[in-house]
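Overview (structure and organization)
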Amino acid sequence: QVQLLESGGGLVQAGGSQRLSCTASGRTFSTYAMGWFRQAPGNQREFVGTISRRGGTSYYADSVKGRFSISRDNAENKSYLQMNSLKPEGTAVYYCAADGQHSIGSTSPSEYEYWGQGTQVTVSS
């Protein structure tokens, strides 16, 4: 079992940057593809991006491509979501998730086995 804990959320101005961290418990972090999602009030959970088990491959939603990047440090059991050029529509609770079945994560939340509790990011205009 894996437990995930996000951190780094808060208030940021539009155009600014923020980095979220996801810390995993357990010794098998490197066997999980990691995904990042976000959910704004009244909306469904939205795929942001995913990174492969070893970190060599990642892909992103079109809405964040070129502005967001995901990385991971398997030695530290951490994944990161670097967000640049933030927009007010990026205001949401951001979640990290772990997928142990695939070498890289899916865009579908249902494919992920473990989730963090989420961290709020608010982008002011």
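Structural notes, computed from the coordinates. (Residues numbered from 1 in each chain as written. Predicted model: local features only at pLDDT ≥ 70, side-chain atom pairs only at ≥ 80, totals over all residues. Heavy atoms only, no water.)

When helices and strands are counted, the protein chain shows zero helices and eleven strands. Starting at the N terminus, the α and β elements of the protein chain follow one another as β-β-β-β-β-β-β-β-β-β-β. A globule of 125 residues ought to have a C-alpha radius of gyration of about 14 Å, and the protein chain, at 13 Å, matches this closely. Dimensions along the principal axes, computed over C-alpha positions, put the protein chain at roughly 40 × 25 × 25 Å. The buried share among the 125 residues of the protein chain stands at 42%. Taken as a whole, the protein chain presents about 6200 Å² of accessible surface, with 43% of it coming from carbon and sulfur. Between the averaged position of the 11 positive side-chain charges in the protein chain and that of its 9 negative side-chain charges there is a distance of 4 Å. (Helix = DSSP H or I, 4+ residues; strand = E, 2+ residues; numbered from the N terminus. Rg over C-alpha atoms; globule rule 2.2 N^0.38 Å. Buried < 20%, exposed > 50% of the residue type's maximum accessible area, 1.4 Å probe, protein only. Areas by Shrake-Rupley, 256 points an atom, 1.4 Å probe, with all protein chains shown as cover. Lys, Arg positive; Asp, Glu negative; His and termini not counted. Charge placed at Lys NZ, Arg CZ, Asp CG, Glu CD.)

On to the nonpolar core. Generally speaking, nonpolar side chains in soluble globular proteins are found buried as a group. Of all hydrophobic cores here, the largest spans 30 residues; its most connected members are Leu-4, Met-34, Trp-36, Phe-68, Leu-81, Met-83 and Tyr-94. Among the elements of the structure, β3 (18-24), β4 (33-39), β5 (46-51), β7 (68-73), β8 (78-83), β9 (92-99) and β11 (119-124) are those that each provide at least two residues to this core. Counting residues per element, this core draws most heavily on β9, which supplies five residues. (Core = buried A, V, L, I, M, F, W, Y, C linked by side-chain atoms within 4.5 Å.)

In short, shape yes, function no, at least from these values alone.
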